[in-house]
Amino acid sequence: MNGPQLNELPDDSEHLAPFVSCLRGRAVLAGGLSGVRTFSNGFLLKFLRARDFDVELALKLLLNYQTWRKESPEISKCLSPSSVLGLLYTSYHAVLQQRDHTGSRVLIYRIGQWSPKDWSAFQVFQVSLMTSEIISTETETQRHGLKVIFDLKGWSLSHALQFSPFLARKISSVLSDSFPLKVRGIHLLNEPMFFHPVFTMIRPFLSEKIRQRIHMHGTDFQDSLGDFFSPPVLPPEYGGEGPGIEEACQDWTNKLFQSEMILQQIASHPTGDIAITPEDLLISEGAETEQISER
């Protein structure tokens with residue numbers, strides 16, 4: 001079987017076991033992972049699927065991930081939605097309910113909802129990392145990756161001043177070679193003049209593959225965005241027929257709060273088993289959701 005065929009197999013398939021075993025053995029012996037001796041099957045499968053079961057590439061990605069976490073404890077060790085409560089309630093970020101026609105998750109970031117005087121770029125990046133960690137546990141997302149829409153309406157000089165080469169390098173590492181997710185597309189909407197210096201700063205750190213997957217749609221974006229996403233996927237605000245963006249943001253905010261225990265597990269022991277899965281925490285009418293909605 002080739003990589004794409006292996007990707008479609010369930011986690012407990014006997015055909016995946018040799019790859020998991022091989023990667024575990026290589027990881028235990030790897031110098032960059034000294035002190036880490038426990039690698040759960042679920043953790044290793046994320047990296048194998050991200051690299052279509054090429055063990056060498058999966059090991060390199062795993063090493064990059066662990067290195068990134070060690071070098072960025074101010075972000076990787078703080079995966080608490082409660083710490084960015086106010087930012088989440090600005091309807092800044094959503095993961096849409098419906099996947100696109102390829103099976104990719106679709107994420108939206110509404111930059112204009114982020115107030116730099118209230119929230120730093122590091123805190124904004126923490127939200128992205130929390131979402132990335134949660135969706136990377138989803139088998140379908142491991143297989144089919146994600147696509148991101150950045151709505152830059154409202155981007156100002158105060159936003160641009162939040163970004164440094166140091167932060168740009170950390171962001172680009174997650175997008176390119178330090179996180180077990182396949183980034184299938186990056187779509188920029190309403191990009192203003194003040195955004196281009198920041199993009200110029202980030203671009204050199206991106207892989208050529210990621211650069212080729214960046215699409216700039218401008219202010220008249222609905223027709224061109226429709227070339228990539230079918231109407232049922234997108235909110236009406238973006239030319240679609242799905243739930244509105246405010247509802248989508250609220251739904252994902254609730255999901256992050258329901259996933260706080262998972263995120264704490266990942267922050268303290270990312271290579272181990274996740275005792276509670278995101279699916280276990282889907283609470284439609286539960287008390288926790290009601291509390292969150294009332295805050």
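Residues numbered from 1 in each chain as written. Predicted model: local features only at pLDDT ≥ 70, side-chain atom pairs only at ≥ 80, totals over all residues. Heavy atoms only, no water.

**Things to note about the pairing of strand 4 (residues 183-189)**
Along strand 4, six of the seven residues are buried, which leaves the element largely enclosed by surrounding structure. Across six bridges, the pairing between strand 3 (residues 146-151) and strand 4 is parallel. Looking at strand 4, one finds that leucine 146 is bridged to valine 183. Where strand 4 meets strand 5 (residues 214-218), four bridges bridge the pair, whose relative direction is parallel. Counted as the bridge partner of leucine 189 is glycine 218 from strand 5. (Buried < 20%, exposed > 50% of the residue type's maximum accessible area, 1.4 Å probe, protein only. Helix = DSSP H or I, 4+ residues; strand = E, 2+ residues; numbered from the N terminus. Pairing = 2+ DSSP bridges.)

**Here's the deal with the UniProt feature "domain: CRAL-TRIO" (unreviewed entry) in the protein chain**
Under the present numbering, the feature "domain: CRAL-TRIO" (unreviewed entry) in UniProt falls on residues 72-246. What you have in residues 72-246 is 36% helix and 15% strand, and the ends, taken at the C-alpha atoms, are 31 Å apart. (UniProt positions renumbered as here; feature names shortened; annotations may be inferred.)

**Concerning the confidence of the model for the protein chain**
Looking at the protein chain, the pLDDT average stands at 87 and 90% of residues meet or exceed 70. Strand 2 (residues 105-110) holds the highest mean pLDDT among the elements of the protein chain, 98, whereas helix 16 (residues 287-294) holds the lowest, 38. Low pLDDT, under 50, characterises residues 278-295; the stretch is placed with 27 contacts to residues that sit more than four places away or in other chains. (pLDDT = per-residue confidence, 0-100. Contact = heavy atoms within 4.5 Å.)

**Some points on the side chain of asparagine 190**
Topologically, asparagine 190 is positioned in the loop between strand 4 and helix 11 (196-202). Assessed through its relative accessible area of 14%, asparagine 190 is described here as buried. In this structure the side chain of asparagine 190 is engaged in a polar contact, spanning 2.8 Å, whose partner is the side chain of aspartate 151. (Polar contact = N/O pair within 3.5 Å; in protein donor to acceptor, adjacent residues only side chain to side chain.)

**Focus on the pattern of salt bridges**
Using the criterion set out here, one finds ten salt bridges in the structure. Close ionic contact of aspartate 11 with arginine 49 constitutes a salt bridge, the shortest N to O distance being 2.8 Å. One end of the pair, aspartate 11, is in the loop between helix 1 (3-7) and helix 2 (17-29); the other, arginine 49, is in helix 3 (residues 41-50), with 38 residues separating them in the sequence. With relative accessibility at 41%, the residue aspartate 11 sits in the partly exposed group. Among the residues examined, arginine 49 registers a relative accessible area of 0% and is labelled buried. With a shortest N-O distance of 2.8 Å, arginine 105 and glutamate 138 are connected by a salt bridge. Here glutamate 138 lies in the loop between helix 7 (121-135) and helix 8 (139-144) and arginine 105 lies in strand 2, a separation of 33 residues in the sequence. (Salt bridge = Lys/Arg side-chain N within 4 Å of Asp/Glu carboxyl O.)

**Considerations on the packing of helix 7 against helix 15 (residues 260-268)**
Contact pair helix 7 / helix 15: the axes reach a minimum separation of 10 Å and the direction vectors enclose 95 degrees. Between helix 7 and helix 15, the angle is such that the two are roughly perpendicular. Contacts from Met130, Glu133 and Ile134 of helix 7 reach helix 15 at Ile262, Leu263 and Ile266. Of the residues in the contact of helix 7 with helix 15, the class split is five nonpolar, no polar and one charged. (Axes fitted to C-alpha atoms, helices over the stretch in contact; angles between N-to-C directions. Parallel < 35°, antiparallel > 145°, perpendicular 65-115°, else oblique. Nonpolar A, V, L, I, M, F, W, Y, C, P; charged D, E, K, R; others polar.)

**Section: empty space enclosed by the protein**
Counted by the stated rule, this structure contains one cavity of 30 Å³ or more. Looking at the largest cavity, its volume works out to about 610 Å³. Around the largest cavity, the lining comprises 31 residues; the ones closest to its centre are Tyr109, Ser128, Phe150, Ile171 and Leu175. Among the elements that make up the lining of the largest cavity, the one with the highest residue count is helix 7 (six residues). (1 Å grid on protein atoms, 1.4 Å probe; cavity = no way out; pocket = protein on both sides within 12 Å on 5 of 7 lines; lining within 4 Å. Points joined across faces, edges and corners; volume = space filled by probe spheres on them.)

**Quick notes on the layout of surface pockets**
In this model, the largest pocket occupies a volume close to 480 Å³. Around the largest pocket, the lining is made up of 20 residues, and of these Ala50, Arg51, Ser176, Lys209 and Arg213 lie nearest the centre. At the level of secondary structure, the elements contributing two or more residues to the lining of the largest pocket comprise helix 4 (55-71), helix 10 (165-176), strand 4 and helix 12 (208-212). At four residues, helix 4 tops the list of elements feeding residues into the lining of the largest pocket. Classifying every residue of the lining of the largest pocket gives nine nonpolar, three polar and eight charged. Each of domain 1 (1-71) and domain 2 (77-259) accounts for three or more of the residues forming the lining of the largest pocket. (Domains from an automatic or database assignment.)

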